[in-house]
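# Summary of the model geometry
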Amino acid sequence: MNLDKILQHNEKWIAEKLSLDPDFFKKLSDGQNPEVLYIGCSDSRVTAEEIMGAAPGEVFIHRNIANLVNNVDMNVMVVINYALRILKVKHVIICGHYMCGGVKAAMQQTDLGILNPWLRNIRDVYRLHKNELNAIEELDKRYDRLVELNVQEQCINLIKTAAVQEAYADRDLKIHGWVFDVRNGKLTDLKIDFPEILKNIMEIYKLI
Ligand code: CO
């Protein structure tokens, strides 16, 4: 990749934006008011803004390997708190993707060094859903399903935070579990049934 091209592209992009709206950057510098927090994978193929058609200022974004919401990861926790308590976003999207290298690695018996504690979170998702996953004989289909279940469990992890519980009580915050398919570009809402899932566990995780 020619890095000079990036800078040239940037010049073109500025000119393009200004030709459509001379105040474009003036408006951007006035501040941000995004309605959506997106938590997705760092994978270079899953370009958050591009797949969603989102413009600058519309989506607050956090990406990490395998789109995890880990309660001791200061980075994701600070992003969630800031997005919910200060920016007061109305929607949180957790977006996983098929062919996720992080999920695949978590299905293998391999020592990956510092990645081990990170991917352990996905192994725990596997343990929680072992019966369903092991019943899927085709490995590729099992891998796809683990990607989906990982999104579901990360959505549940979101709900375990005080910031999300507070936003639920204060306003009608919506949480969405999505999956992106790098094989065809399709973005799908997994339509996770939160009331059903939370019915039996909220007594454990309720903070406020
Ligand atoms: Co990934």
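Residues numbered from 1 in each chain as written. Predicted model: local features only at pLDDT ≥ 70, side-chain atom pairs only at ≥ 80, totals over all residues. Heavy atoms only, no water.

## Observations regarding the pairing of strand 1 (residues 36-41)
This is how it is decided: The buried label applies to any residue whose accessible area, calculated with a 1.4 Å probe on protein chains only, is under 20% of its type's maximum; exposed applies above 50%, and partly exposed to all values in between. Each helix is a run of DSSP H or I of at least 4 residues and each strand a run of E of at least 2, with the numbering of both proceeding from the N terminus. For two strands to count as paired, DSSP must find a minimum of two bridges between them.
Along strand 1, six of the six residues are buried, which leaves the element largely enclosed by surrounding structure. Pairing of strand 1 with strand 2 (residues 59-64) involves six bridges; the strand directions are parallel. Note that in strand 2 the partner of Ile-39 across the bridge is His-62. Of the pairings in the sheet, the one linking strand 1 to strand 3 (residues 91-97) comprises five bridges and is parallel in character. Across the sheet, Val-36 pairs through a bridge with His-91, a residue of strand 3.

## Details of the domain arrangement of the protein
The criterion, for reference: Note that domain bounds follow an automatic or database assignment of domains.
If you check the domain split of the protein, you get domain 1 (1-31) and domain 2 (32-205). A C-alpha centroid distance of 31 Å is found between domain 1 and domain 2.

## Some thoughts on the packing of aromatic side chains
Worth spelling out the cut-off: Between the rings of Phe, Tyr and Trp (Trp by its six-membered ring), a pair exists once the centres lie within 6.5 Å; its type follows the angle of the planes, with under 30 degrees stacked, over 60 edge-to-face, and the other angles tilted.
Within this structure, the stated rule accounts for four aromatic pairs. Here Trp-13 and Phe-24 contribute two aromatic rings whose centre-to-centre distance is 6.4 Å and whose plane-to-plane angle is 90°, an arrangement assigned as edge-to-face. Separated by eleven residues along the polypeptide, Trp-13 in helix 1 (residues 3-20) and Phe-24 in helix 2 (residues 24-29) bring together distant segments of the chain. Its relative accessible area of 29% is what places Trp-13 among the partly exposed residues. One aromatic cluster is present, formed by Trp-13, Phe-24 and Phe-25 through successive ring pairs.

## Observations concerning a nonpolar patch on the surface
Applied cut-off: Patches here are clusters of residues that have more than 30% relative accessible area and form no salt bridge, with a 9 Å joining cutoff for like charges and a 5 Å cutoff for nonpolar side chains (Val, Leu, Ile, Met, Phe, Trp, Tyr). The method behind every accessible area is Shrake-Rupley, applied with a 1.4 Å probe, and residues are considered shielded solely by the protein chains displayed. Criterion for a salt bridge: a side-chain nitrogen of Lys or Arg within 4 Å of a carboxyl oxygen of Asp or Glu.
Together, Met-1, Leu-3 and Ile-6 line one region of the surface with nonpolar side chains, adding up to about 400 Å² of accessible area. The topology assignment puts Ile-6 in helix 1. Residue classification places Ile-6 among the partly exposed residues on the basis of a relative accessible area of 41%.

## A few points about the nonpolar core
Which entries qualify depends on this criterion: What we call a nonpolar core is a set of buried Ala, Val, Leu, Ile, Met, Phe, Trp, Tyr and Cys residues that are connected through their side-chain atoms within 4.5 Å. The contact definition used throughout considers only heavy atoms, calling two residues in contact when any of these lie within 4.5 Å.
Leu-37, Ile-39, Ile-80, Leu-84, Val-92, Leu-158 and Ile-175 are the most contacted members of the largest nonpolar core, which has 27 residues in total. Counting only elements with at least two residues in this core, the list comes to strand 1, helix 4 (74-86), strand 3, helix 8 (139-159), helix 9 (162-170) and helix 10 (194-198). No other element matches helix 4, which puts six residues into this core. The contact partners of Ile-175, leaving out residues within four places of it in the chain, are Val-92, Cys-155, Leu-158, Ile-159, Val-164, Tyr-168 and Phe-194.

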